[in-house]
Amino acid sequence: MSTLAVRKAPPITVEQYEAFEGYPGLRDELIDGEIVLSPQPKPFHQQVAKNIERLLEQTLKGQPYIVQQNSNIKFRLAHSMPAPDVFVALLEDWKNACESDEYLNKPPTLVVEVTSAANRKAKIARKIEIYLDNDVHAVWVVSPKKRSLQVHRNVRQRESREFTEQDTVVLPEPLAGEVLLRDIFLIG
């Protein structure tokens with residue numbers, strides 16, 4: 001009996017991905033040289049991401065940072081351009097990206113991924129590795145179903161901690177401030 005060997009397509013580069021036009025109605029990211037497609041987020045996922053963006057903007061007011069959603073970030077050496085649900089970057093880095101009309105190519109300080117059926121555990125785990133391997137200070141993984149937040153940090157040794165809806169989460173240094181977790185899950 002013979003077996004059929006299935007070959008995986010070779011990885012693509014960040015430069016090749018930037019020329020990719022995508023598919024209408026789907027979000028795309030480059031993860032380890034592979035284009036990953038997912039459907040648009042459902043309403044509660046969008047609400048949670050919007051709440052996080054709003055809360056971070058309020059908390060970081062007056063600090064030299066900007067909060068954004070759904071923009072790819074270049075990690076050229078990792079052959080990846082993930083698009084986190086929310087991220088916090090230095091305002092100067094964001095201005096440079098806007099002026100050059102290029103994707104952000106400096107690591108943000110904080111990245112937030114909101115879990116969903118399309119954003120599976122293995123995919124998020126790989127993205128956490130990419131972020132922390134590329135000098136992102138912290139990654140928040142928010143679970144709307146469990147109403148919880150995991151904080152992954154890259155300090156000397158990797159660490160993670162889980163918070164529930166009743167907790168307050170302190171932003172990673174050099175950011176200053178904190179967020180009440182229950183406010184992340186408000187509707188309206």
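Bear in mind that the values here come from a model prediction, so they are computed numbers and not experimental data.

Q: Give me the lowdown on the overall build of the protein, citing residues and values where you can.
A: The helix and strand tally for the protein stands at five helices and 10 strands. In summary, the protein has a C-alpha radius of gyration of 17 Å against a globular reference of 16 Å for 188 residues, a match within 12%. For the protein, the C-alpha atoms occupy an extent of roughly 60 × 40 × 40 Å along the three principal directions. The proportion of buried residues among the 188 residues of the protein is 43%. In the protein, the share of contacts with a sequence separation of at least 24, taken over all contacts with a separation of at least 6, comes to 55%. The protein carries 24 positive and 26 negative side-chain charges, and their two centres are separated by 6 Å.

Q: Help me get a handle on unusual backbone geometry, residues and values and all.
A: A cis geometry characterises the amide bond from Glu 173 onward to Pro 174, with omega recorded as 10°. Within the secondary structure, Pro 174 is located in the loop between strand 9 (168–170) and strand 10 (178–180). The phi dihedral of His 79 falls on the positive side, at around 50°, and the residue is not glycine. Taking the relative accessible area as the measure of exposure, His 79 reaches 37% and is therefore partly exposed. If you check the backbone angles, Asp 101 has positive phi at about 55° while not being a glycine. Along the chain, Asp 101 turns up in the loop between helix 3 (91–100) and strand 5 (110–114). We classify Asp 101 as exposed; its relative accessible area is 68%.

Q: With reference to specific residues and values, describe the pattern of salt bridges.
A: Here the structure, examined in full by the defined rule, presents 11 salt bridges. Ionic pairing is found between Asp 85 and Arg 27, a salt bridge with its closest N-O pair at 3.6 Å. Placement of the pair is Asp 85 in the loop between strand 3 (65–69) and strand 4 (86–90) and Arg 27 in strand 1 (residues 26–31), with a sequence separation of 58 residues. Between Glu 102 and Lys 74 there is a salt bridge, and its shortest N-O distance comes to 3.3 Å. Placement of Glu 102 in the loop between helix 3 and strand 5 and of Lys 74 in the loop between strand 3 and strand 4 is noted, with a sequence separation of 28 residues between them. With a relative accessible area of 41%, Glu 102 lands in the partly exposed category. Since its relative accessible area comes to 8%, Lys 74 is described here as buried. Several salt bridges share partner residues, and in doing so they unite Glu 29, Glu 113, Lys 123 and Lys 127 into one network.

Q: Go over the pairing of strand 4 with me, naming the residues and quoting the values.
A: Among the five residues in strand 4, four count as buried, and that is most of the element. The pairing of strand 3 with strand 4 spans five bridges and is antiparallel. Each bridged residue has a counterpart across the sheet, and for Val 67 the counterpart in strand 4 is Val 88. Inspection of the sheet shows strand 4 paired to strand 5 by three bridges, in the antiparallel sense.

Thresholds applied
- Residues numbered from 1 in each chain as written.
- Predicted model: local features only at pLDDT ≥ 70, side-chain atom pairs only at ≥ 80, totals over all residues.
- Heavy atoms only, no water.
- Helix = DSSP H or I, 4+ residues; strand = E, 2+ residues; numbered from the N terminus.
- Rg over C-alpha atoms; globule rule 2.2 N^0.38 Å.
- Buried < 20%, exposed > 50% of the residue type's maximum accessible area, 1.4 Å probe, protein only.
- Contact = heavy atoms within 4.5 Å.
- Lys, Arg positive; Asp, Glu negative; His and termini not counted.
- Charge placed at Lys NZ, Arg CZ, Asp CG, Glu CD.
- Salt bridge = Lys/Arg side-chain N within 4 Å of Asp/Glu carboxyl O.
- Pairing = 2+ DSSP bridges.

Structural measurements only, silent on function.
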